[in-house]
Structure formats: structure tokens, C-alpha cells
Amino acid sequence: MGSYPFKEIEHKWQKRWEELGLFKTPEVPKKKMYILEMFAYPSGDIHMGHFRNYTIGDVVARYYLMNNYDILHPFGWDAFGLPAEEAAIKRNIDPKTWTLNNINISRATLKRVGISYDWDREVITCNPDYYKWTQWIFLKLYEKGLAYQAEAAVNWCPSCKTVLANEQVEAGICWRCKSPVTKRTLTQWFFKITAYAERLLNDLDKLSEWPENVKIMQRNWIGKSQGAEFDFLIEDSNKKFTVFTTRPDTIFGVTFVAIAPEHPLATELARGTPYEKKVTDYVHQAQLKTEIDRTSEVTEKDGVFTGRYALNLISGERVQLWVADYVLPSYGTGIVMGVPAHDERDFQFAKKYQIPIKVVINPPGESLDATMMESAYVDHGIMLNSGQFDGLPSEEGGKKVVEYAIGKGIGRFQVNYRLRDWLISRQRYWGAPIPMIHCDDCGVVPVPETELPVLLPEEEKVDFIPKGRSPLEDVESFRRVKCPRCGKMASRDPDTMDTFVCSSWYHLRYVDPHNSKEPFSKEQAKLWLPIDLYIGGIEHATGHLLYFRFITKVLYDSGWLPVDEPAIRLFNHGMVLDENGEVMSKSKGNVVSPV
Ligand SMILES: [Zn+2]
Ligand SMILES: [Zn+2]
């Protein structure tokens with residue numbers, strides 16, 4: 001059997017498809033089918049690893065085409081962001097030239113392979129005609145109170161020299177460069193995704209054609225827990241603070257309270273006392289540690305006593321106030337109650353620092369002796385040493401305790417989410433500028449919609465090597481601008497947006513990619529949405545796949561979209577491995593080209 005003459009046959013048919021306009025999207029679909037593969041980071045040429053994704057989409061699109069469906073099957077480039085910028089810096093090229101060059105090479109490869117894309121609908125997120133609308137989305141969120149600036153302890157990658165969203169930190173490691181991430185207190189922009197936590201969680205039930213494992217990952221990431229909040233009163237002060245707990249039944253067993261080092265109270269409590277230096281030293285140390293070190297099961301927990309006490313308003317008992325770095329500022333209120341007898345971590349901590357251990361739950365039919373315990377008793381049981389609640393089964397008793405606290409105005413039922421607001425500002429050059437202006441008189445003022453896009457200044461004016469603050473801060477011609485409200489000189493926000501903001505709405509741009517008046521028309525959105533089949537890697541389960549659901553819901557609520565979920569069906573594939581079983585990736589240099 002002779003070999004198959006790829007070149008001749010491929011060329012002949014590709015030419016024919018092109019002449020027929022076979023993959024052009026019909027203007028008005030009768031039986032629509034929107035098939036989408038996650039678009040690509042143009043950090044190099046397309047390789048075989050990408051083709052798994054694209055071939056699946058190609059086969060499905062052709063199948064439906066032959067079955068008389070009207071197909072929307074577009075492609076585009078996730079062109080802003082760290083991957084492209086890092087690759088460009090490494091080669092001493094500016095990010096724009098590098099990115100657009102890669103796009104040209106990769107597009108040519110995709111065309112040669114003959115994937116059935118409608119290239120007329122290509123989107124490139126680093127082009128002003130696209131990021132104008134990314135900025136518009138920022139303004140929409142700002143109008144709705146869903147974009148805000150706040151000082152917070154944020155994830156900092158010392159190697160990428162930028163902040164990262166929680167979703168970009170996997171087990172304490174930077175998603176991009178794999179360096180351990182530390183914490184820094186900085187003023188940053190956030191999207192209030194937590195306002196949608198409940199809907200993002202509940203609507204997972206609607207997604208019957210999404211893989212179960214992705215839904216489980218999102219559920220865990222959102223991390224809803226039912227519990228209670230209790231107020232404590234700081235001794236020698238009229239200040240109160242609040243703790244969140246999932247075990248209100250153990251409130252009488254609290255013997256200490258642990259405060260996250262990033263919490264303002266941590267340094268405030270010891271100020272002007274002999275404990276001050278020890279506490280501030282500890283706080284500085286903690287911020288250099290990674291989240292893994294702080295929360296790992298194997299490392300010994302440590303902390304520092306503030307010299308201060310608080311009153312447990314339920315039990316009336318005096319408890320020690322500690323600062324401990326195993327408490328993360330992102331959990332609950334950033335302050336947790338320590339119940340050594342009934343929580344293993346608290347037990348180890350109490351043993352180490354000789355903090356009292358008070359038993360308030362006995363196993364059914366048994367009686368615990370705090371002095372004999374070698375580990376915490378964490379199960380439910382019968383309450384004791386708990387005043388009027390003695391003798392109650394602890395599950396029932398926990399509810400009674402909260403009801404009692406509600407009556408006294410010192411506690412309440414509370415739902416807690418693990419999900420945090422989405423940190424979207426980056427101290428990097430290669431991204432969509434944040435469309436906000438800082439005026440001495442007016443404060444933070446949004447750029448008027450008519451003045452979008454806020455253009456990223458040309459490379460020759462910018463030293464884009466990361467320094468730990470935004471490179472745009474030093475570009476006078478970019479920064480200095482008249483305040484849209486009062487007309488005085490003011491300055492633009494120097495940060496750029498997380499690349500995951502760009503990709504949170506690209507599926508919407510494809511329905512109307514050349515619209516210069518709107519991000520997309522509502523009519524086109526009605527014709528094509530939602531995506532019928534979305535294909536991509538599982539690594540996006542708690543990042544992009546959560547963000548694009550969130551932005552879809554926000555735009556649905558503002559009347560822009562006919563659907564509140566972006567994709568009916570999701571298909572996750574694995575990764576293509578090389579001969580040694582390593583994931584194929586440009587940065588590892590083990591890629592194979594398809595052509
Ligand atoms: Zn990094
Ligand atoms: Zn002003």
C-alpha cells in the first residue's frame with residue numbers, strides 16, 4: 001500500500017472548503033450549534049498538546065455541519081497576561097511584537113491542519129477593539145458595586161513580582177512560575193464574586209451536562225459552610241471582635257483566640273506594651289512564609305501571646321489572645337476561637353504553650369479527662385461544663401447556643417464561603433489598563449465610557465521589566481490625565497487587569513466580533529447563546545470556568561444576556577504527554593508540532 005499523499009490531498013480540499021465558505025457562520029441560524037474550544041495563549045507556536053483540544057471540536061463541528069446544523073465554531077487568542085509577557089522578556093522582545101508574531105505563526109499552522117474555524121470571527125484580546133470592551137465590563141461591574149478597591153493581605157509572587165488571585169495559587173504555588181507565594185498588604189482592585197457565591201453554587205445543579213468532577217471542584221472551591229458567629233469583648237477596652245465557627249456547641253470550651261497576623265488587631269493589641277516587639281516581629285516573619293508552610297498538617301503550629309485577654313460573652317470566661325499564622329486572613333473573619341479539647345490543631349497549640357484545655361463534649365457513655373487526653377475529641381456527643389446547655393446532645397445544643405446568643409445580641413447563625421473576592425489588578429505591563437482615574441479632590445473616578453479604550457502606551461515608552469510596582473506608573477504621558485469630574489490634573493490607575501478578566505467574556509464577543517458600538521448586540525447573543533459544547537482542560541475548573549459563569553450572570557442581571565449560564569455542555573480532556581510522561585508544554589521545550 002502506498003503512503004497517503006497528505007500534502008496534495010489536504011491542499012486540494014482545503015482550497016475547496018475555502019471557496020465554498022464551508023466554515024462561515026450563517027447570519028441567522030435556524031438550528032444553531034455553538035461549539036467552542038478554549039482559546040490559546042500565544043506563548044509560542046501551536047503544538048500537538050493543543051491539537052487534542054482542537055481536533056475534538058473539529059470532529060464535532062463537522063458532524064453537526066453534515067447534520068444540517070448552523071455552526072458557530074470560532075477561534076481566538078488569550079493574548080494578554082503573564083505567559084506571553086514572561087516569554088517575551090526572556091527573549092528580550094517587547095510583548096506585543098512577540099505575541100502578534102506567535103499568533104500569525106500559530107494561525108497559519110491551524111489553517112494548514114484544516115481545523116474548521118470561521119476565521120472571520122477571530123478575537124485577539126490584546127487588540128484595542130477587544131480590550132475596549134474588557135474595560136467596559138470593568139465599568140459595568142463598578143456601576144453595580146461589584147468592582148471595588150480595598151487594602152487587603154493578598155497573594156504575592158516574589159518571582160513574577162505581581163499579586164495573584166486565589167484561583168492562581170495552587171497549594172501555595174504560583175500558577176505561572178511555580179514559586180511559593182507569600183502575603184503582602186496592598187491596595188488592589190477586586191471583583192465581588194462572593195456576591196454571586198450562592199447562585200454559582202446552586203446553579204451547578206442546572207449543569208447536567210457538565211462533568212461531575214468539575215462541579216465537585218467548584219462546590220469545594222466555593223466552600224459553603226453553615227455555622228455561627230460569636231462576639232468577644234476585649235478586656236480593658238470597649239472593642240469587640242467576631243469569630244466564625246462551624247461548631248457553636250463548643251463555645252464553652254474556648255480557652256484562647258487566635259488572630260491572623262494580617263488582621264489589624266494583631267499589632268494593635270500589643271501596641272505600647274512589653275509584648276509589642278515580639279508581636280510585630282512575629283507578624284513580619286509570618287508574611288514571608290508561604291501559605292503551605294502556614295497551614296500544612298506536618299509543620300508545628302506556632303504563635304505569640306499578645307499579653308491581652310478577651311471575654312467570651314457566652315460563658316463569661318476570660319480567654320487569652322494570641323497571634324498565630326496558621327490562621328489565614330481569608331478564613332471567616334480572620335480570627336478563630338481556640339477549643340483545644342475538640343479541635344486537633346488547637347490541641348497541639350495549647351499543649352505547646354500550656355494553654356488550658358477544657359472538655360465540653362463527652363463521647364456518649366464516656367467521660368473525658370483533659371489531663372489524660374493525647375489528642376482532641378472532635379466528634380459530636382453530650383455537652384458538659386456548658387451552663388444551661390449541659391446534658392444536651394451537641395448537635396442540638398449547638399443550635400440552642402446560637403439562639404441564646406441571638407437573644408442576647410452577641411451571636412448569630414452565619415453562612416461562610418471559602419470563595420474570596422476576585423483580585424484582578426496586576427502590577428504588570430501586558431494587560432488591559434484599569435479604566436479608573438485618581439483625583440486628589442474627587443477620589444476615584446471612572447473613565448467615561450465614551451473615552452474607552454484607555455490605550456496601553458507603546459512599548460518604546462515603557463520599561464516593562466517587572467519591578468514590583470506597575471511599569472505604567474513611570475510613564476508620565478499615560479498617567480497624567482484630566483479628572484473627568486473636576487477637570488484638574490489627576491492620574492490614571494497604573495495597574496492592568498488579570499488576563500482571566502479578558503477570558504471571562506470572550507465567548508460573548510464571538511457572536512458579534514466586529515461590533516464597534518457594543519461588546520456584542522443583544523440580538524446576536526439571543527441567536528447564538530449559550531455555548532452548546534465547550535471543550536478545554538480540567539486545569540481551569542476553579543479559575544476560568546468559575547469566572548466566565550460569574551461574568552455571564554452579571555451581564556444577565558443587567559439585561560445584556562438571555563442566559564445566566566454560559567455553556568450547556570462541558571467536555572474536559574486530559575493533557576497530551578511526551579514519551580517520558582511529561583505534560584507537553586512550550587516552557588518545558590518538549591513539544592511536537594502537528595505540521
Ligand atoms: Zn510567579
Ligand atoms: Zn476631580
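Our subject is the structure listed above.
Small disclaimer: the values here were computed from a predicted structure and weren't measured.

Chemist: So what exactly am I meant to see when it comes to the overall build of the chain here?
Modeler: When its secondary structure is counted, the chain shows 17 helices and 27 strands. Compactness check: the chain gives a C-alpha radius of gyration of 28 Å against a globular reference of 25 Å for 595 residues, within 12% of the reference. Dimensions of the chain, computed from the C-alpha atoms along their principal axes, are close to 85 × 60 × 50 Å. Expressed as a percentage of its 595 residues, the buried residues of the chain come to 54%. Considering only residue pairs separated by 6 or more positions, the chain has 73% of its internal contacts joining residues 24 or more positions apart. For the chain, the computed accessible surface area is about 26600 Å², with 51% contributed by carbon and sulfur atoms. Averaging the coordinates of the 72 positive side-chain charges in the chain and doing the same for the 79 negative ones gives two points 3 Å apart.

Chemist: Help me out: how do you make sense of the packing of aromatic side chains in this one?
Modeler: The way to describe two aromatic rings as a pair is by their centre distance and the angle between their planes. Applying the stated criterion across every chain yields a total of 42 aromatic pairs. Grouped by ring-pair contacts, the aromatic residues Y41, F138, Y142, W175, W189, F191, Y196, W422, F500, Y547 and F550 constitute a single cluster. If you follow K31 out to its NZ or CZ, it ends over the ring of Y69, 4.4 Å from the centre.

Chemist: Would you take a moment to explain the coordination of the zinc ion (ligand 1) for this structure?
Modeler: Octahedral six-donor coordination of a metal ideally yields angles of 90 or 180 degrees, compared with 109.5 degrees for tetrahedral four-donor coordination. Listed as protein donors to the zinc ion (ligand 1) are C157 (SG), C160 (SG), C174 (SG) and C177 (SG); their distances from the metal cover 2.3 Å. The site at the zinc ion (ligand 1) holds four donor atoms, and with the angles between them running 101 to 116°, its shape is tetrahedral.

Chemist: Looking at this structure, how should I read the sheet that holds strand β6 (residues 162-164)?
Modeler: In sheet architecture, strand pairing relies on hydrogen bonds along the backbone and comes in two forms, parallel and antiparallel. Strand order across the open sheet formed by four strands is β6-β5-β9-β19, with antiparallel pairing between neighbours. The open sheet is flanked by β6 and β19 (422-423), the only strands paired with a single partner. Taken together, the 10 bridges between strand β5 (residues 147-157) and strand β9 (residues 182-191) define a ladder with antiparallel strand orientation. Residue A153 lies in a different strand from β9, and its bridge partner there is T185.

Chemist: Looking at this model, I keep getting lost on the pattern of salt bridges. Mind explaining?
Modeler: Two side chains bearing opposite charge may form a pair once their charged atoms approach each other closely. Using the criterion set out here, one finds 36 salt bridges in the structure. The partner of D205 in a salt bridge is R219, with the nearest N and O atoms 3.3 Å apart. Here D205, found in the loop between α6 (197-202) and α7 (212-222), pairs with R219, found in helix α7; they are 14 residues apart in sequence, far enough to count as distant. The class for R219 is partly exposed, based on a relative accessible area of 28%. The partner of E229 in a salt bridge is R412, with the nearest N and O atoms 2.9 Å apart. Of the two residues, E229 is situated in strand β10 (residues 224-234) and R412 in strand β18 (residues 411-417); the sequence distance between them amounts to 183 residues. Looking at E229, the relative accessible area reads 15%, which means it is buried. Connected through salt bridges with shared partners, the residues D203, K206, R549, K553, D564 and E565 form a single ionic network.

Chemist: How should I be thinking about the coordination of the zinc ion (ligand 2) in this particular structure?
Modeler: Here the zinc ion (ligand 2) is held by C439 (SG), C442 (SG), C483 (SG) and C486 (SG), and the distances to it run 2.2 to 2.3 Å. If you look at the zinc ion (ligand 2), its four donor atoms make angles of 108 to 112° with each other, and the shape they trace is tetrahedral. Counting the intervening residues between successive donors of the zinc ion (ligand 2) yields the motif C-x2-C-x40-C-x2-C. Placement of the pair is C439 in strand β21 (residues 436-439) and C483 in the loop between β23 (480-482) and β24 (489-492), with a sequence separation of 44 residues.

Chemist: Any chance you could explain the pairing of strand β15 (residues 335-338) here in plain terms?
Modeler: On a regular strand, each side chain points to the face opposite its neighbour's, so the side chains alternate between the two faces of the sheet. Both faces of β15 are covered, namely the face carrying I335 and M337 and the face carrying V336 and G338. Pairing geometry for strand β12 (residues 256-259) and β15, over four bridges, is antiparallel. Across the sheet, the residue bridging to I259 is I335, located in β15.

Quick notes on the rules
- Residues numbered from 1 in each chain as written.
- Chains lettered and ligands numbered in written order.
- Predicted model: local features only at pLDDT ≥ 70, side-chain atom pairs only at ≥ 80, totals over all residues.
- Heavy atoms only, no water.
- Helix = DSSP H or I, 4+ residues; strand = E, 2+ residues; numbered from the N terminus.
- Rg over C-alpha atoms; globule rule 2.2 N^0.38 Å.
- Buried < 20%, exposed > 50% of the residue type's maximum accessible area, 1.4 Å probe, protein only.
- Contact = heavy atoms within 4.5 Å.
- Areas by Shrake-Rupley, 256 points an atom, 1.4 Å probe, with all protein chains shown as cover.
- Lys, Arg positive; Asp, Glu negative; His and termini not counted.
- Charge placed at Lys NZ, Arg CZ, Asp CG, Glu CD.
- Phe/Tyr/Trp six-rings, centres within 6.5 Å; stacked < 30°, edge-to-face > 60°.
- Lys NZ or Arg CZ within 6 Å of the ring centre and 35° of its normal.
- Donors = N, O, S within 2.8 Å, 3.2 Å for Na, K, Ca; no water.
- Tetrahedral: all angles 85-135°; square planar, octahedral: opposite > 155°, others 65-115°.
- Pairing = 2+ DSSP bridges.
- Salt bridge = Lys/Arg side-chain N within 4 Å of Asp/Glu carboxyl O.

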